[in-house]
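Chains, contacts and geometry: an overview
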Amino acid sequence: MTGTLSLALTEWTGRQRDRLRADSLPPTGWRQRGRVSHIGDGIALISGLENAPADGMLTLPGGVPGLVLDLDQDRLGCLLLGDGNAVKAGDPVSVAEGVLRVPVGNGLLGRVIDPMGRALDGGPDPVPDRMDPVERAAPALTDRGTVAETLPTGTTIIDALYPIGRGQRELIVGDRATGKTSIAIDAMLAQARTNIVPIYCAIGQRAYAVADVITSLKMAGLMERAIVVVAAPDAAPGLQWIAPFAAMTMAEFFRDTGRHALLVLDDLSKHAAMHRQISLLLQRPPGREAFPGDIFHLHARLLERSAKLSAAAGGGSLTCLPVVETQAGNLSAYIPTNLISITDGQIVLDARQFQSGQRPAVDVGRSVSRVGARTQPKVLRQLAEQLKLEYAQFLELEAFTRFGGLVDERTRQTVERGRRLRLLLAQRQGRPRSLGAEVALLLAHDENLTDGLDLAAVERVRDAIAAHVDGTDPTDLDALRRIIAKAKDAAE
């Protein structure tokens, strides 16, 4: 009798619970509505939307989309993805369906767009293949393949000492105006000889700088198969915040369809500053250097999406070159430290070398590539085997001789040889070199073919080699020696 009564009471309690739950659900077709309680600086605080999901989409007056970033007990924080001048306190807000998506596909090639896929080049909005979410999971380990194909950057010192492979994440770091963007753009221009799709994402960059990038791509004939994503400094903070995620999603389309893409994020220090600004407005507690504690996770989940897929997953690759700015060469600052720990290596640019006229101003002591060495062409790897140590020793000896101390003949010869090597590695912006040119220059140094020439003649030899070596097989060393000899005779 007691068991029967207990079973009946349990069933009655369950029916009551189901009835209460059904009464609390909104009717079919009902959309929850809230109100704007505060608006300003690209964010809005919304009340009355208790059921809004994290990372969900909201619709504000004027069709302005909003992204839910902050959930609190009595309000939520919304990031505006458009012009919020028409939005004011008290305006109604409704929950939109789905998550934030951006257009992807071949229709974006050759276009300059904002992070939402809207045209900025004066043409109609591009027609996408589909709409993909900006937040996506990184490829699983079982779907990843080995980084085994080289990605030429066209910069001799990088391809020789710090090679990059398809699917790698190589950080470019340095002070302001030290040539960071130049290296990234040269890497994009070097893809004129490959089937890689270059994608440039400008985060808070000045208009003239972005215009220079577009002009360089057009002059190289690459703009027709490139994508330029621009979040200008005067754009909504929300657009600058989602810009790298949107560009990554656009690049993933090519990787996931078995193709190859190169994504330049210029730069993540501005993105981190924007995230700090938004977080402080949302009243999140600040941490080191006033950045919120989630900034590491934010960039980690972004860059982890760059990968080389296995053959079973399509074999595509997405290589990422994030750029970050330092202050007075301080690599131990919060954001540079985070990104160095996330990426597969870093190209460090030295302000003193840049100011002395060395281009590119790569710091050979602090730069490293942890993945790409296995992808380096064999002929280049053999010539560059002892190059890093030799170059580092030269820089140290040159600094010692500046003090005016007495040096022996061997040291003097080492310094003179190093100066000629530095000239061979130097190159102008916007002129990426072919593999044959890089091999020829290193061959000229390895076989002492420029010894005895003055520095001005070495420069002429370097430029002549780069101009006449295109089309020559990089593995045909005899043909390269003949080209070097002709360039040397012309220089003398």
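As the structure is a computational prediction, the values presented were derived from the model and not from experiment. (Residues numbered from 1 in each chain as written. Predicted model: local features only at pLDDT ≥ 70, side-chain atom pairs only at ≥ 80, totals over all residues. Heavy atoms only, no water.)

A short note on the overall build of the protein
Counting its secondary structure elements, the protein contains 15 helices and 16 strands. Seen through its principal axes, the protein has C-alpha atoms that stretch 105 × 55 × 45 Å. In the protein, buried positions account for 52% of the 492 residues. The contacts of the protein with a sequence gap of at least 6 include a subset with a gap of at least 24, amounting to 73%. (Helix = DSSP H or I, 4+ residues; strand = E, 2+ residues; numbered from the N terminus. Buried < 20%, exposed > 50% of the residue type's maximum accessible area, 1.4 Å probe, protein only. Contact = heavy atoms within 4.5 Å.)

A few points about the environment of Ala399
Summarising the element assignment, Ala399 is placed in helix 11 (residues 387–401). Spatially, the C-alpha atoms of Ala399 and Val415 are 9.9 Å apart, while their sequence positions differ by 16 residues.

A look at the pattern of salt bridges
Evaluated as defined, the whole model comprises 30 salt bridges. The partner of Glu416 in a salt bridge is Arg420, with the nearest N and O atoms 3.1 Å apart. Of this pair, Glu416 and Arg420 are both found in helix 12 (residues 409–425), four residues apart, which corresponds to roughly one turn of the helix. Using a relative accessible area of 24% as the deciding quantity, one classes Glu416 as partly exposed. A relative accessible area of 11% means that Arg420 is categorised as buried. Connected via shared salt-bridge partners are Arg136, Glu252, Arg255, Asp256 and Arg305. (Salt bridge = Lys/Arg side-chain N within 4 Å of Asp/Glu carboxyl O.)

Brief notes about unusual backbone geometry
Excluding glycine, residues mostly carry a negative phi; peptide bonds, for their part, are mostly trans. Residue Asp267 is bonded to the preceding Asp266 through a cis peptide linkage, with omega at -10 degrees. Here Asp267 lies in the loop between strand 13 (260–266) and helix 6 (268–281). Of note in the backbone geometry, Asn448 takes a positive phi value of approximately 60 degrees without being a glycine. Mapped onto the elements of the fold, Asn448 is located in the loop between helix 13 (435–446) and helix 14 (455–468).

Section: the environment of Met131
Residue placement: Met131 occurs in strand 9 (residues 130–133). Since its relative accessible area comes to 40%, Met131 is described here as partly exposed. Considering only alpha carbons, one finds Met131 and Gly105, 26 residues apart in sequence, at a separation of 8.7 Å. In this structure, Met131 is in contact with Arg101, Val102 and Pro103, ignoring residues within four places of it in sequence.

Some details on the pairing of strand 14 (residues 317–326)
Most of strand 14 sits out of view: nine of its ten residues are buried. Here four bridges tie strand 10 (residues 171–175) to strand 14, and the two strands are oriented parallel to one another. Bridging from a neighbouring strand, Asp175 pairs with Thr326 of strand 14. (Pairing = 2+ DSSP bridges.)

As for the sheet that holds strand 6 (residues 92–99)
Spatial strand order, 1-2-5-4-3-6: six strands in a closed barrel with antiparallel pairing. On average, each strand axis in the sheet is inclined to that of its neighbour by 45 degrees, with strand direction left out of account. Both strand 1 (residues 33–40) and strand 2 (residues 43–47) contribute to a ladder of five bridges, which runs antiparallel. Each bridged residue has a counterpart across the sheet, and for His38 the counterpart in strand 2 is Leu45. (Axes fitted to C-alpha atoms, helices over the stretch in contact; angles between N-to-C directions.)

Points about the pairing of strand 1
Judged from the three bridges that link them, strand 1 and strand 6 form a sheet pairing that is antiparallel. Paired with Gly34 across the strands is Val93, a residue of strand 6. Hairpin connection between strand 1 and strand 2: a loop of two residues separates the two successive antiparallel strands, and Asp41 in this loop has a positive phi of roughly 60 degrees.

Some remarks on the nonpolar core
As a rule of thumb, soluble globular proteins bury nonpolar side chains together. Ranked by internal contacts, the top residues of the largest apolar core, which has 66 residues, are Ile157, Tyr200, Leu217, Val228 and Leu442. By residue number, the principal contributor to this core is helix 13, which donates seven residues. What Tyr200 contacts, discounting residues up to four positions off in sequence, is Thr181, Ile185, Met188, Gln205, Val213, Ile227, Val228, Val229, Val264 and Asp266. Counting residues in hydrophobic clusters, the runner-up holds 62 residues, among them Leu79, Ile199, Ile227 and Leu282. (Core = buried A, V, L, I, M, F, W, Y, C linked by side-chain atoms within 4.5 Å.)

A short note on the environment of Asp175
Mapping Asp175 onto the fold places it in strand 10. Separated by 155 residues in the primary sequence, Asp175 and Asn330 place their C-alpha atoms 8.6 Å from one another. Those residues within four positions of Asp175 in sequence are excluded, and the remaining contacts are Lys180, Glu325, Thr326, Gln327, Ala328, Gly329 and Ala351. Side-chain polar atoms of Asp175 contact the backbone nitrogen of Ala328, separated by 3.4 Å. (Polar contact = N/O pair within 3.5 Å; in protein donor to acceptor, adjacent residues only side chain to side chain.)

Things to note about the confidence of the model for the protein
When pLDDT is averaged along the protein, the result is 89, and 92% of the positions lie at 70 or above. Long-range and interchain partners of residues 16–30, a stretch whose pLDDT sits below 50, account for zero contacts in this model, where long-range means more than four residues apart. (pLDDT = per-residue confidence, 0-100.)

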